[in-house]
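A look at the structure
What follows is the residue order along each chain.
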Amino acid sequence: WGKVEGKMVRWLAVVVCLAWGSAAAQDLERFCLPQNDAGYGLSLRVTADNRVHIARVFRIGGGHLVHTTLSPGEAQDSEIVAMRVSRLAIDEVIDTDLFVDADLGLHVCSYDASGPALRVASRGPEGWVLETVAEGPRAGDACALFDDGGRLAVLFHQDGMLRMGTRRGADDWQVVDIDAPAGADVGHDVSVTRLADGALVAAHRDAQAGALRVSWRDPDGRWSHQTVAGEHRAGVSPRVVVGRADEVWVIHGVEPAAPGSDAGLLLTVGTPAGFRTTIVSATETGGSIGAVRGVAGLHVVTRELRRSAVFGASDALHYYGQLPEHTAPTPIEQYGSNQQRHTFRFIDLTLDAFGLPVFVALDEAAPFGADQGSGYTCVWRPSDRDADGLPDTIEGRYGTDPLDADSDDDGRTDGDEVLVDFTDPNGEGELPDLGPALVVDAAPPARDAAARADLGPPMRDAASTEDAAAERDAGAPADGATGADAGVAGQDGGGVDDGAVDRDGGTMAADSAG
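Residues numbered from 1 in each chain as written. Predicted model: local features only at pLDDT ≥ 70, side-chain atom pairs only at ≥ 80, totals over all residues. Heavy atoms only, no water.

**Focus on the state of the cysteines**
Where we set the bar: Counting rule for disulfides: a pair of cysteine sulfur atoms within 2.5 Å. Helix and strand definitions follow DSSP, with helices as H or I runs of at least four residues and strands as E runs of at least two, each counted in order from the N terminus. The classification of residues rests on relative accessible area computed with a 1.4 Å probe and restricted to protein chains. Under 20% of the type maximum is buried, over 50% is exposed, and intermediate values are partly exposed.
Inspection of the entire model under this criterion finds 2 disulfides. Covalently, Cys32 is tied to Cys378 through a disulfide, its sulfur atoms 2.1 Å apart. Around the S-S axis, the bridge from Cys32 to Cys378 shows a dihedral of about 95 degrees and counts as right-handed. Note that Cys32 is positioned in strand S3 (residues 26-36) and Cys378 in strand S30 (residues 374-382), a separation of 346 residues in sequence. For Cys32, a relative accessible area of 0% gives the class buried. Across the disulfide from Cys109 sits Cys143; the S-S distance is 2.2 Å. Because the sign of the S-S torsion sets the handedness, a value of about 95 degrees for the bond joining Cys109 and Cys143 places this disulfide among the right-handed ones. In this pair, Cys109 is assigned in strand S9 (residues 105-112) and Cys143 in strand S12 (residues 143-148), connecting sequence segments 34 residues apart. Side by side, Cys109 and Cys143 carry an identical accessibility label, which is buried. Cysteine pairing for the protein chain, with bonded cysteines counted in sequence order: 1-4, 2-3.

**Quick notes on the packing of aromatic side chains**
In this description, an aromatic ring pair is defined by two values, namely the gap between the centres and the angle between the planes. The following threshold applies: Side-chain rings of Phe, Tyr and Trp, where Trp is taken by its six-membered ring, are said to pair if the distance between their centres is within 6.5 Å; with planes under 30 degrees apart they count as stacked, over 60 as edge-to-face, and otherwise as tilted. Two thresholds decide whether a charge sits over a ring: the Lys NZ or Arg CZ must be within 6 Å of the ring centre and within 35 degrees of the ring normal.
Under the defined criterion, the tally for this structure stands at 4 aromatic pairs. Judged by centre distance (6.4 Å) and plane angle (35 degrees), the rings of Tyr335 and Phe344 are tilted. When the centroid spacing of 6.4 Å and the interplanar angle of 70 degrees are considered together, the rings of Phe344 and Trp380 count as edge-to-face. With Phe344 in strand S28 (residues 342-351) and Trp380 in strand S30, this pair connects stretches of sequence that are 36 residues apart. Here Phe344 and Trp380 have matching classes, each one buried. Aromatic ring contacts, followed pair by pair, group Tyr335, Phe344, Phe359 and Trp380 into a single cluster. Taking the ring centre of Phe31 as reference, the NZ or CZ of Arg381 above it sits at 5.1 Å.

**Comments concerning the nonpolar core**
Quick note on the threshold: Working definition of a nonpolar core: buried Ala, Val, Leu, Ile, Met, Phe, Trp, Tyr and Cys residues. They are joined through side-chain atoms within 4.5 Å. By definition, residues are in contact when any of their heavy atoms lie within 4.5 Å.
Residues Val52, Ile54 and Leu65 are the most contacted members of the largest nonpolar core, which totals 27 residues. Broken down by secondary-structure element, the contributors of at least two residues to this core are strand S4 (40-46), strand S5 (52-57), strand S6 (65-70), strand S7 (76-82), S9 and strand S29 (357-365). In this structure Leu65 touches Arg56, Val57, Glu79, Ile80, Val81, Ala82, Val85, Thr96, Val108 and Ser110, once residues within four positions along its chain are discounted. In terms of nonpolar packing, the next biggest core, distinct from the first, is built from 17 residues, Tyr319, Tyr335, Phe344 and Leu349 among them.

**A short note on the sheet that holds strand S24 (residues 285-293)**
Let me state the cut-off plainly: Two strands are counted as paired when DSSP detects at least two bridges linking them. To get an axis, fit a line to the C-alpha atoms, keeping to the stretch in contact for a helix; angles then go from 0 to 180 degrees between the N-to-C directions.
The strand order across the open sheet built from 4 strands is S24-S25-S26-S27, with neighbouring strands paired in antiparallel fashion. Edge positions in the open sheet fall to S24 and strand S27 (330-335), since each of these has one partner strand only. Between one strand axis and the next, the sheet turns through 10 degrees on average, direction left out of account.

Given below as structure tokens:
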């Protein structure tokens with residue numbers, strides 16, 4: 001079996017204001033993939049042709065690592081990357097990372113319980129090729145891929161350390177220890193970014209200290225490491241991005257004092273000379289985080305998870321569009337105490353070809369009435385009613401018809417003209433230069449064809465069909481699941497007050513220790 005058949009399920013459309021302080025707004029539509037319990041360790045990328053790529057692990061039907069491509073509209077194509085990498089309730093994969101590059105190609109890193117080992121899968125002309133980076137229990141249970149001077153590299157957690165593997169050739173990886181402090185347990189939930197001067201920065205968690213850890217490699221190759229200690233145990237789900245000047249920004253969560261509810265969202269800003277941490281939200285948020293840097297600031301999606309005997313239960317997704325300046329979030333979905341419980345996990349966030357946010361999450365819905373519960377992988381992306389690859393907001397910029405996929409009737413969709421041909425989608429000639437974007441962080445498509453990764457046709461793993469039926473038979477959300485039980489922003493039926501978020505940007509004292 002190599003292909004997961006099925007059609008995406010249009011679940012819920014919500015309106016989210018993506019441009020603080022402006023009149024621009026964008027519809028985000030939620031689509032859920034049909035396979036149940038098939039969304040562990042999610043990672044997400046969008047290529048220059050505006051196709052969405054997702055790496056995910058199927059918990060049932062074999063524990064396979066799967067790559068899914070979403071085209072404009074509801075078309076989806078899924079293929080096995082690696083068989084039986086996860087063992088249900090015994091040794092599960094909880095993290096993957098997806099890397100797409102015009103020169104280096106398409107790659108996925110993941111822990112493989114069958115090894116056990118950290119594997120990197122690369123998509124070649126004959127299919128997916130697996131290479132072993134490091135062996136050992138839970139090797140690479142957190143991993144982050146990146147381009148290191150033209151070579152594929154990966155940072156990963158193993159045995160309480162942060163390690164780095166660099167690919168020297170086919171199935172040939174050089175592995176070194178990057179951060180291995182005595183008595184610590186670092187490298188958890190690692191993410192990585194690169195500054196303009198070439199410095200490499202990794203944010204990860206010291207589980208022993210309950211703190212954010214930042215590892216910084218300067219342009220000369222020298223590493224330094226700092227533990228960002230504060231008033232609370234933190235460093236949950238850290239996401240690092242390039243900040244201003246030579247700073248980095250790390251968004252991360254507070255560790256709950258007791259299981260049940262999330263405990264808060266923090267933003268740490270700084271350089272190797274020192275860091276300062278600010279409270280973004282002191283409410284029950286921060287347990288799962290997606291973040292990406294845009295032109296106007298930091299985009300963040302995080303969940304709200306509250307399970308309180310006193311204050312009741314609440315679930316939500318919150319979007320921040322311009323951190324650090326604006327700390328008031330927009331609720332994307334909310335579910336109050338009297339509604340079905342929705343625990344959102346493995347959130348990942350990126351920008352599409354026009355700089356508009358796209359994110360993915362596993363929505364674990366608890367049994368509720370006649371609903372036996374589910375766990376679907378869902379994607380939120382800008383509304384594109386004619387499925388031509390141009391979001392409705394961008395259609396407005398080009399003057400094309402958002403309900404007509406080929407506005408000038410020349411046989412090419414509006415999206416192909418803008419993203420592939422670089423021609424005017426509303427007539428003849430070259431793609432017009434519209435000047436500054438009218439939507440915050442929206443940008444014209446890259447005109448350099450070399451910047452678009454040629455991923456080739458979908459490759460198929462030579463796998464048996466024995467496990468396929470279980471995944472296909474896992475089913476899709478029932479049509480009735482989109483009705484009154486679906487929480488919509490501002491209509492949470494008695495849930496958390498939309499304004500119940502710390503908006504004062506109060507600071508938390510933080511020390512930096514080497």
